Amino acid sequence: MAIAHHPPRAAAERTATPTPALAPGRDGTIDAIRTACLLVVVVLHALMVGIENSHGSLVTSVAMDGQPWFAPLTWALQVMPLFFIAGGFASLSQWRQMQSRGEHWTTYVVARTRRLVIPAVAMIAISATGIAIARAAGLSDELAAEAGHRIAQPLWFLAVYIGASALVPAMARLHRLAPKRTVAALSAAIVAVDLTRIVTGIDGIGYANLLFVWLFAQQLGFFARSWRSDLHRASRRTPAVTLVAALTAMVTLMATGLWSTDLIANLNPPTILLALLAVVHLCALRLAKPTLDRAFAHPAVSRLVRIANPRAMTVYLWHMPLIMALIGVLWAAEIPMPEPHSAAWWATRVPWLVSIALVLFPATAVLQRFERIATALPAPKPVASHAALASVIDAAAGVTLVLLAGVANPLAATASVCMLLVSIALGFTGRSVSDDGCPESLGRPA
């Protein structure tokens, strides 16, 4: 999985055709990719929600679960490796800018954690309150619990992203000192975890790859940031060959029967197939980026990206609460809900997606204010290293708690909100860090 590395150059770190009106250091193509990936996930989740009226009762299911035709589609729908690659690109750009201004690594960590946590606090608190009101109005405990778990399910991504983002300064340093060895070490860890899981039959071991797989994908994004803007015929050979090799390795592993051909199933726990898919995504992005840069430089397209990009995380956080609310309205209005995979069900998929869009996008225009609050706060001051690390751990633990217990669990939701608020508060404990043991080298420009 070794990736060719080129020393960063000033010209190499600029997009060939920069998008007008982008903030310094932003890349229009990368912003568009990050937004598109989250929207693909939203569409996927919307299609996987199975609901039907059965003898006067509301029955829920995972619509695509166990469908043999769905596995091939996941090769196109599994976009999380690409999102983490794009996230790595953008995160390294932001961190290098902060380094150039002499800012401390804890400032970066606190800012990123705050940016992710504040919108999540609002979503969890409002969703838990909404379910409590619905339960008081007569919603059964069973349906309340189901809705709570569905709402919390996408939060696995947030917990992992908080941790990966917090490690950007450390991983950026490793990338500067030993880029190939860092990727090789992460690759070895992924393989070791996956093989141990398979040999022992203990699936829980595989969850260690929540760290290694997504750090690996993020690290590939660091390589993408140092690409040259031009791509000649000879330089296309390496990414093309690597892409084919990674795809061949994926097919070979699946042929053993030890890995699922469903790439969505490979999320839980993450497997080596997702790491190989990240390599495929990186190589495809390398080949397509010059063309994408030109496309996203078009004023109309870049304007659309600038509108959608700031709203993407709000859409991701709120799509399941709003889908659950829409289901509640349909149920209360006694609108027919056909059995999943029936002819009527397939005929209503486009209207279903349109209905969700008509609810989701106007609502997120209002709900986006929570993200604006996060970005409008004063820039954090450097904090002690233990405070920054405690903020990250507290945030990830708070999200994980409600992920496991569900938003409908009042104790878990309350505890989660409290933990996330503590995480935010830790970011306001700014003080001198010159003598607290922080790695000062991480705060200086590379």
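Draft legend 1. Inspection of the overall build of the chain at higher detail. Scanning the chain from N- to C-terminus turns up 18 helices and 2 strands. Counting across all 446 residues of the chain, residues that qualify as buried make up 49%. Sequence-distant contacts in the chain: of pairs separated by 6 or more residues, those separated by 24 or more amount to 83%. Carbon together with sulfur atoms contributes 67% to the accessible area of the chain, which is approximately 19900 Å² in total.

Draft legend 2. Representation of helix 2 (residues 70–77) in the model. Within the sequence span of helix 2, burial applies to Phe-70, Ala-71 and Thr-74. Viewed end-on, helix 2 has its buried residues packed into an arc of 95°, placing them on one side of the element. Summarising the geometry of helix 2, the exposed residues directed more than 90 degrees from the buried face are Pro-72 and Ala-76. Residues of helix 2 that are buried in the fold lie against helix 1 (28–48).

Draft legend 3. Focus on the packing of aromatic side chains. All chains considered together, the criterion is met by 14 aromatic pairs. Centroid distance Trp-69 to Phe-70: 6.1 Å. Interplanar angle 85°. Geometry classified as edge-to-face. Judged by its relative accessible area of 35%, Trp-69 is partly exposed. A relative accessible area of 5% places Phe-70 in the buried class. Grouped by ring-pair contacts, the aromatic residues Phe-83, Phe-84, Trp-156, Phe-157, Tyr-161, Trp-214 and Tyr-316 constitute a single cluster. Here the basic side chain of Arg-114 rests over the ring of Phe-428, its NZ or CZ set 4.4 Å away from the ring centre.

Draft legend 4. Main features of the pattern of salt bridges. Inspection of every chain in the model, using the stated rule, returns 7 salt bridges. Beyond isolated ion pairs, a larger network of salt bridges with shared partners links Asp-27, Lys-289 and Asp-293.

Draft legend 5. Representation of the environment of His-45 within the structure. As for its placement among the helices and strands, His-45 is situated in helix 1. For the pair His-45 and Gln-153, spaced 108 residues apart in the sequence, the C-alpha separation amounts to 10.0 Å. Other than its neighbours up to four places away in sequence, His-45 contacts Pro-154, His-319 and Met-320.

Draft legend 6. Main features of the confidence of the model for the chain. Confidence in the prediction for the chain averages 86 pLDDT; 88% of positions are at 70 or higher. For the chain, the element scoring lowest by mean pLDDT is strand 2 (residues 57–62), at 75; helix 8 (residues 179–200) scores highest, at 97. Overall, residues 1–21 carries pLDDT values under 50, and its contacts beyond four positions in sequence, including any with other chains, amount to 44 contacts. Taken together, the stretch residues 432–446 has pLDDT below 50 and engages in 38 contacts with residues farther than four places along the chain or on a different chain.

Draft legend 7. Region of interest: unusual backbone geometry. Along the chain, Asn-268 connects to Pro-269 via a cis peptide bond; the corresponding omega equals 5°. With respect to the element layout, Pro-269 can be found in the loop between helix 10 (233–255) and helix 11 (272–296). Unusually for a residue other than glycine, Glu-334 sits at a positive phi of about 55°. Relative to the helices and strands, Glu-334 resides in the loop between helix 13 (312–332) and helix 14 (343–347). Unusually for a residue other than glycine, His-341 sits at a positive phi of about 75°. Its location among the elements puts His-341 in the loop between helix 13 and helix 14.

Draft legend 8. Summary view of the packing of helix 4 (residues 105–136) against helix 5 (residues 141–152). Between helix 4 and helix 5, the least distance of the axes is 10 Å, while the angle of their chain directions is 165°. When the axes of helix 4 and helix 5 are compared, the pair comes out roughly antiparallel. The two elements helix 4 and helix 5 cross, and the hand of that crossing is right-handed. For the pair helix 4 and helix 5, contact is made by Met-123, Ser-127, Ile-131 and Arg-135 and by Asp-141, Ala-144, Ala-145, Ala-147, Gly-148 and Ile-151, respectively. Partitioning the contact of helix 4 with helix 5 into residue classes produces 6 nonpolar, 2 polar and 2 charged.

Draft legend 9. Examining the side chain of Ser-391 more closely. With respect to the secondary-structure elements, Ser-391 resides in helix 17 (residues 385–405). In this structure Ser-391 touches Thr-113, Ser-423 and Leu-426, once residues within four positions along its chain are discounted.

Draft legend 10. Inspection of helix 1 at higher detail. When the terminal C-alpha atoms of helix 1 are compared, their 30 Å separation across 21 residues agrees well with the 30 Å that a helix rising 1.5 Å per residue should span. For helix 1, a buried count of 16 out of 21 residues is recorded, marking the element as mostly surrounded by other parts of the structure. One side-chain oxygen of the residue at the start of helix 1 lies 3.0 Å from the amide nitrogen of Thr-29, identifying that residue as Asp-27.

The rules behind these values
Residues numbered from 1 in each chain as written. Predicted model: local features only at pLDDT ≥ 70, side-chain atom pairs only at ≥ 80, totals over all residues. Heavy atoms only, no water. Helix = DSSP H or I, 4+ residues; strand = E, 2+ residues; numbered from the N terminus. Buried < 20%, exposed > 50% of the residue type's maximum accessible area, 1.4 Å probe, protein only. Contact = heavy atoms within 4.5 Å. Areas by Shrake-Rupley, 256 points an atom, 1.4 Å probe, with all protein chains shown as cover. Arc of directions from axis to C-beta. Phe/Tyr/Trp six-rings, centres within 6.5 Å; stacked < 30°, edge-to-face > 60°. Lys NZ or Arg CZ within 6 Å of the ring centre and 35° of its normal. Salt bridge = Lys/Arg side-chain N within 4 Å of Asp/Glu carboxyl O. pLDDT = per-residue confidence, 0-100. Axes fitted to C-alpha atoms, helices over the stretch in contact; angles between N-to-C directions. Parallel < 35°, antiparallel > 145°, perpendicular 65-115°, else oblique. Left-handed = near helix turned anticlockwise from the far one by under 90°. Nonpolar A, V, L, I, M, F, W, Y, C, P; charged D, E, K, R; others polar. Expected span 1.5 Å × (residues − 1). Polar contact = N/O pair within 3.5 Å; in protein donor to acceptor, adjacent residues only side chain to side chain.

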